[in-house]
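A look at the structure
Here is what each chain is made of, one letter per residue.
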Amino acid sequence: MKRSVRFPVPATLVRLLDRHPVPATLLRRLAYASIVANVAIVVTGGAVRLTASGLGCPTWPRCTDASYTTTAEMGVHGVIEFGNRLLTFAVGAIALATLLAVLAHRPRRTGLLGLAVAVFLGIPAQAVIGGITVLTNLNPWVVGLHFLASMAVIAAAYALWRRVVDPDGPAVPVAPRPLRTLALLTTAVSVAVLVVGTWVTGSGPHAGDHGAARNGLDPETISQVHADGVFLLIGLSVALVLAFRAVDATGPARAALVLVAVELGQGLIGFVQYFTHLPAVLVAAHMLGSCLVLLATLGMLWSTRQRRPVTADPASPPTVQRVPATV
């Protein structure tokens, strides 16, 4: 029998939270804010790289060997890098507030605490990976890992938000098994496209510092591999739209259509930035688009099943509560 994961909570904290319960509306807003904050730090982290400020603070966890903060001698690059480090504390504060809200929410709900802990612990883990990128002089493989770790935290934050929004009853499929399998395959291809995208970035000109190394891959070849993956992803997503409509799965079809729209927008940015020699503004937009593709993919995947609300009368059949498919 599957057992839920339990985390020890100090009794004093439990009593304090019992006296100040958090309403469901606030919990939903905090969970949503956690998604937005983690997307924002991906974009600001991209700004650090695109302005060649990756070594604005040349060491970690200090900004210099003698100071935890930037100094006037370090100029604008130091300010940009240190500012991004400070933003990590803001993102962490939102994650902590969300975790405390989960603990204080009444009635207590299964599945929330583990996800909230995962999002909260993901923030310091990201800080450590970011520190390693600095200590390795912006090694492109570590930089790529830093981005992918951010995607993992965003995915956990999305899962938490959906668990907060969804009712507590059992999850019920709303599409046939073959189409749910196709949705999983599309999700896997979406993740693969994100991974290959980091290889493209690691081979390109925006290294984060003028002296940082590149990964050695041929930019044109790896860009073509990335583009091929994008074409495959769009093809699978269009197939999902048509297949969901064929079986009258309205919610999944709508979510898949949103995914196609986001993919087309992201693909357009990608092609324009490639043929205009990667201007920084478009690269930043492409990073934001990567986050949106991930969220749209997760929204499509979640839409293939819905949770039934818990009913007070066991004799009455539960009804499916429709919830938003995407952020």
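Residues numbered from 1 in each chain as written. Predicted model: local features only at pLDDT ≥ 70, side-chain atom pairs only at ≥ 80, totals over all residues. Heavy atoms only, no water.

In the annotation of an unreviewed UniProt entry, the protein is listed under the name Cytochrome c oxidase assembly protein subunit 15 and assigned to Micromonospora matsumotoense. In its Pathway (unreviewed entry) section, the UniProt record describing the protein reads: "Porphyrin-containing compound metabolism." You can read under Subcellular location (unreviewed entry) in the UniProt record for the protein the words "Membrane". (UniProt positions renumbered as here; feature names shortened; annotations may be inferred.)

**Side note on the side chain of T98**
Inspection of the secondary structure puts T98 in helix α3 (residues 75–104). Among the residues examined, T98 registers a relative accessible area of 2% and is labelled buried. Those residues in contact with T98 that sit more than four places away from it in its chain are L27, L30, A31, S34 and L160. (Helix = DSSP H or I, 4+ residues; strand = E, 2+ residues; numbered from the N terminus. Buried < 20%, exposed > 50% of the residue type's maximum accessible area, 1.4 Å probe, protein only. Contact = heavy atoms within 4.5 Å.)

**Thoughts on the UniProt feature "transmembrane region" (unreviewed entry) in the protein**
Using the residue numbers shown here, the UniProt feature "transmembrane region" (unreviewed entry) corresponds to residues 30–52, 86–105, 112–135, 141–161, 182–202, 222–244, 256–275 and 281–302. Annotation note: span residues 182–202, helix share 100%, strand share 0%, distance between end C-alpha atoms 30 Å.

**Here's the deal with the nonpolar core**
The nonpolar side chains of soluble globular proteins are, as a tendency, buried together. Membership of the largest hydrophobic core comes to 39 residues, with the highest contact counts inside it found for L27, I35, V42, M151, I154 and Y158. Elements with a minimum of two residues in this core: α2 (24–50), α3, α4 (112–135), α5 (140–165) and α9 (280–302). The dominant element in this core, judged by the number of residues it contributes, is α5, at 12 residues. Both domains that furnish three or more residues to this core are identified here as domain 1 (22–168) and domain 2 (172–307). Membership of the second largest hydrophobic core comes to 16 residues, among which are V241, A243, F244 and A255. (Core = buried A, V, L, I, M, F, W, Y, C linked by side-chain atoms within 4.5 Å. Domains from an automatic or database assignment.)

**Quick look at the packing of α5 against α9**
Where α5 meets α9, the axes come as close as 10 Å, and the angle between the chain directions of the two elements is 40°. Relative to α9, the element α5 is oriented oblique. As α5 runs across α9, the sense of the crossing is right-handed. Each of F147, M151, I154, A155, Y158, A159 and R162 in α5 lies in contact with α9, whose residues at this interface are M287, S290, C291, L294, L295, L298, G299 and W302. In terms of residue class, the contact of α5 with α9 is built from 12 nonpolar, 2 polar and 1 charged. (Axes fitted to C-alpha atoms, helices over the stretch in contact; angles between N-to-C directions. Parallel < 35°, antiparallel > 145°, perpendicular 65-115°, else oblique. Left-handed = near helix turned anticlockwise from the far one by under 90°. Nonpolar A, V, L, I, M, F, W, Y, C, P; charged D, E, K, R; others polar.)

**As for unusual backbone geometry**
Across the junction of W60 and P61, the peptide omega takes the value 10°, indicating a cis bond. With phi around 55°, N137 is a residue other than glycine that occupies positive phi space. Judged by its relative accessible area of 48%, N137 is partly exposed. If you check the backbone angles, L138 has positive phi at about 60° while not being a glycine. When its relative accessible area of 5% is taken as the criterion, L138 is described as buried.

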